Amino acid sequence: MGKYIIQGGKTLSGVLPVSGAKNATLPILACTLIAEGTYFLNNVPALKDVEVMIKLLEHFGLKIEKIAQNSYKIINNGLQTLEAPYELVSIMRASFLVMGPLLAHRGEARVSMPGGCAIGNRPIDIHLKGFEQLGATIKTEHGFISAKAKNLIGKEIYLDFPTVTGTENLIMAAVLSKGITILNNAAREPEVEDLGNFLNKMGAKITGLGTDRIIIEGVEKLFPCEYNIIPDRIEAGTFLILSALTGGNIVVKGVNMEHLTSFKTKLEEIGINFKINGDEVQVQADLNNFKPTNIITLPYPGFPTDLQAQTIVLLAMIKGNSEMKETIFENRFRHVPELNRMGANIKIEGNVASINGPTNFQGAEVEATDLRAGACLVIAGLISSNTTILNNIEHIERGYENLVERLQAIGAEIKKSE
Ligand code: EPU
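Reading the values: rules and limits
- Residues numbered from 1 in each chain as written.
- Predicted model: local features only at pLDDT ≥ 70, side-chain atom pairs only at ≥ 80, totals over all residues.
- Heavy atoms only, no water.
- Near = heavy atom within 4 Å.
- Polar contact = N/O pair within 3.5 Å; in protein donor to acceptor, adjacent residues only side chain to side chain.
- Areas by Shrake-Rupley, 256 points an atom, 1.4 Å probe, with all protein chains shown as cover.
- Pairing = 2+ DSSP bridges.
- Helix = DSSP H or I, 4+ residues; strand = E, 2+ residues; numbered from the N terminus.
- Axes fitted to C-alpha atoms, helices over the stretch in contact; angles between N-to-C directions.
- Core = buried A, V, L, I, M, F, W, Y, C linked by side-chain atoms within 4.5 Å.
- Buried < 20%, exposed > 50% of the residue type's maximum accessible area, 1.4 Å probe, protein only.
- Contact = heavy atoms within 4.5 Å.
- Disulfide = S-S within 2.5 Å.
- Salt bridge = Lys/Arg side-chain N within 4 Å of Asp/Glu carboxyl O.
- Parallel < 35°, antiparallel > 145°, perpendicular 65-115°, else oblique.
- Left-handed = near helix turned anticlockwise from the far one by under 90°.
- Phe/Tyr/Trp six-rings, centres within 6.5 Å; stacked < 30°, edge-to-face > 60°.

Visitor: Would you mind going over the site of the ligand with me for this structure?
Guide: Looking at the ligand, there are 21 residues lining it, with Ile126, Thr163, Thr165, Asp306 and Ile328 nearest. At a separation of 2.6 Å, an oxygen atom of the ligand approaches a polar side-chain atom of Thr163. Within the backbone of Val164, a nitrogen or oxygen atom sits 2.8 Å from an oxygen atom of the ligand. Isolated, the ligand exposes 830 Å² of accessible area, and the fraction of that covered by the protein chains is 87%.

Now the structure itself:
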């Protein structure tokens, strides 16, 4: 198990580039199972989760070649198996995204059931109900979910919750079906839109992307293509918070601020201003004038749950009481006890964290319990007095490419140790 050793309080300045979006890359990679031929994907982040998805694709028989730092050539010459094994699904829930493409392309799939997760229960009932509504027969046996469908038939579907990967799985299942599928109460996240744009480039007919009513007209055939993944809005938001807390001398580069509207508005409410120059963003922030605020996480375009932990560090630095209500996942405050160990005063009642600032963050030995909790502790460590030892950094490496090197390049004192 690796750890980061962070010496806080250093002046940070310079350009901090944002990588391609993890949560757009994973469904797009899974989607290369849907049609034979050669794909080229650019702006793919170098992450543990991406490695797992690549292993899974190789397990199905695809040939994958890294042709540049963030570019891959993917050759699908036909699938050798229709089963996603426990070893890979158990280490990454997003492996379940292969179900939709396999069903669409081959009418059959067998995927190990995703297990529990640190941030919540995370059932997949909405994915399965949707597959059934499209005509698939679903069976759960021996820890595997099997789906079979002779022909998937387009249908009007209502999602009980706008699940992100659920919407993606159903879009992928529906693209080659007969007739028209309408997904009502669909997820509107930019990553869902990116997958839809990728599929449209392959010849799919999907409209309504970015809205809660996505319409998919089934087509006979899809063709591989070259595609550039969108920038990671969560990574951009993480870096903008770091910048706001360290004097605003960081230029965050490769940002699409249109994907961060709710985040930008809430930070403006706190007293942070944004200077946007093309894809470069700088914040103007004076910590002494920050005002407390209340935030609720919601599906997009609401405030992202994936920025909740990092934003709590920001709120903890503000004089007064702020509240953060988490409505997406039932167990996503595991960073709070760790932040309290570093000097914060945060109380949790149900799904609300009540944050009493300002905090004089002090380095301590803490643990990353999941990816975003880890990112929040890196921020806290960088603004703390003395040394923070952050354990379980494997979680962070699932979602942030070369984080240590990129932070070192802007003056941070952070190193990795075994
Ligand atoms: N839900 C159900 N039934 C389902 C599906 C979801 O009840 O069939 C519930 C979940 O239990 C949860 C809520 O709906 O309470 C939202 O879950 P959603 O399905 O939208 O999440 P996800 O698709 O599993 C993706 C991201 C997460 C991100 C969430 C919310 C990927 C690979 N993962 O997960 O990313 O937090 O959407 O935006 O896209 C991360 O990157 O750190 C991360 C956890």
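Visitor: Whenever I open this one, the sheet that holds strand β21 (residues 352–357) confuses me. Can you help?
Guide: Note: strands within a sheet are paired through backbone hydrogen bonds, in either parallel or antiparallel orientation. Taken together, the 4 strands give an open sheet; going across it, the order is β18-β19-β21-β20, and neighbouring strands pair in mixed fashion. What marks the edges here is a single partner per strand, and that holds for β18 (294–296) and β20 (345–349). Sheet twist, expressed as the average angle between the axes of neighbouring strands with direction ignored, equals 15°. Two elements, β18 and strand β19 (residues 320–325), share 3 bridges in a ladder whose sense is parallel. Bridge assignment links Asn294 to a residue of β19, and that residue is Glu323.

Visitor: Could you clarify how one ought to interpret the nonpolar core in this entry?
Guide: In globular proteins that are soluble, nonpolar side chains generally tend to be buried together. Core analysis: the biggest nonpolar cluster contains 79 residues, and Val98, Phe131 and Leu199 have the highest contact counts within it. Beyond its immediate sequence surroundings of up to four residues, Phe131 is in contact with Phe96, Met99, Gly100, Leu103, Ala136, Ile138, Asn169, Leu170 and Ala173. Of all hydrophobic cores here, the second largest spans 69 residues; its members include Val18, Ile234, Ile295 and Leu315.

Visitor: Sorry if this is basic, but what is going on with the environment of Val50 here?
Guide: Positionally, Val50 belongs in helix α2 (residues 48–59). For Val50, a relative accessible area of 1% translates into the label buried. Placed 301 residues apart in sequence, Val50 and Asn351 show a C-alpha to C-alpha distance of 31 Å. When sequence neighbours within four positions are dropped, the list of residues in contact with Val50 reads Thr25, Leu26, Leu29, Val44 and Pro45.

Visitor: What is the right way to look at the state of the cysteines in this model?
Guide: Structurally, a disulfide amounts to a covalent bond that connects the sulfur atoms of two cysteines. For the structure on display, the rule yields 0 disulfides. Cysteine Cys225 is unpaired, with the sulfur of Cys31 as its nearest cysteine sulfur at 8.8 Å. In this structure Cys225 comes out as buried when scored by relative accessible area, which is 10%.

Visitor: Help me understand the pattern of salt bridges in this model?
Guide: Any two side chains of opposite charge can pair, given that their charged atoms come close. Applying the stated criterion to the full structure yields 14 salt bridges. Across the salt bridge formed by Asp160 and Lys129, the nearest N and O atoms sit 2.8 Å from each other. Of this pair, Asp160 sits in the loop between β10 (156–158) and α6 (164–174) while Lys129 sits in helix α5 (residues 125–133), and the two are 31 residues apart along the sequence. Residue Lys129 is classed as partly exposed on the basis of its relative accessible area, which comes to 37%. Of the charged contacts in the structure, one is a salt bridge between Glu268 and Lys264, with a shortest N-O distance of 3.1 Å. Here Glu268 and its partner Lys264 are both found in helix α9 (residues 261–270), 4 residues apart, which amounts to about one turn of the helix. Here Lys264 falls in the partly exposed class, since its relative accessible area comes to 23%. Counted as one network, the salt bridges with shared partners bring together Lys22, Asp49 and Arg398.

Visitor: Would you take a moment to explain the sheet that holds strand β8 (residues 137–141) for this structure?
Guide: Taken together, 4 strands build an open sheet; the order of strands is β6-β7-β9-β8 and the sheet is mixed. Two strands close off the open sheet at either side, each with one partner strand: β6 (83–84) and β8.

Visitor: Honestly, the packing of helix α8 (residues 233–245) against helix α10 (residues 308–316) in this entry has me stumped. Any pointers?
Guide: Where α8 contacts α10, the two axes come as close as 10 Å, and the packing angle between them is 10°. By the angle between their axes, α8 is roughly parallel relative to α10. Read as a crossing pair, α8 and α10 show a hand that is left-handed. In contact with Ile234, Thr238, Ile241 and Leu245 of α8, α10 contributes Gln310, Thr311, Val313 and Leu314.

Visitor: Help me understand the packing of aromatic side chains in this model?
Guide: Aromatic ring pairs are described here by two measures, namely the spacing of the ring centres and the angle between the planes. Taken as a whole, this structure holds 3 aromatic pairs when the rule is applied. For the pair Tyr39 and Phe198, a centre-to-centre distance of 6.3 Å together with 35° between the ring planes defines the contact as tilted. Of this pair, Tyr39 sits in strand β3 (residues 37–42) while Phe198 sits in helix α7 (residues 190–201), and the two are 159 residues apart along the sequence. A centroid spacing of 6.1 Å and a plane angle of 40° characterise the contact between Phe263 and Phe303, whose relative ring orientation is tilted. Here the residue Phe263 occupies a position in helix α9, and Phe303 occupies one in the loop between β18 and α10, the gap between them amounting to 40 residues. For Phe263, a relative accessible area of 0% corresponds to the buried category.

Read these as layout, nothing more, since geometry by itself doesn't imply function.
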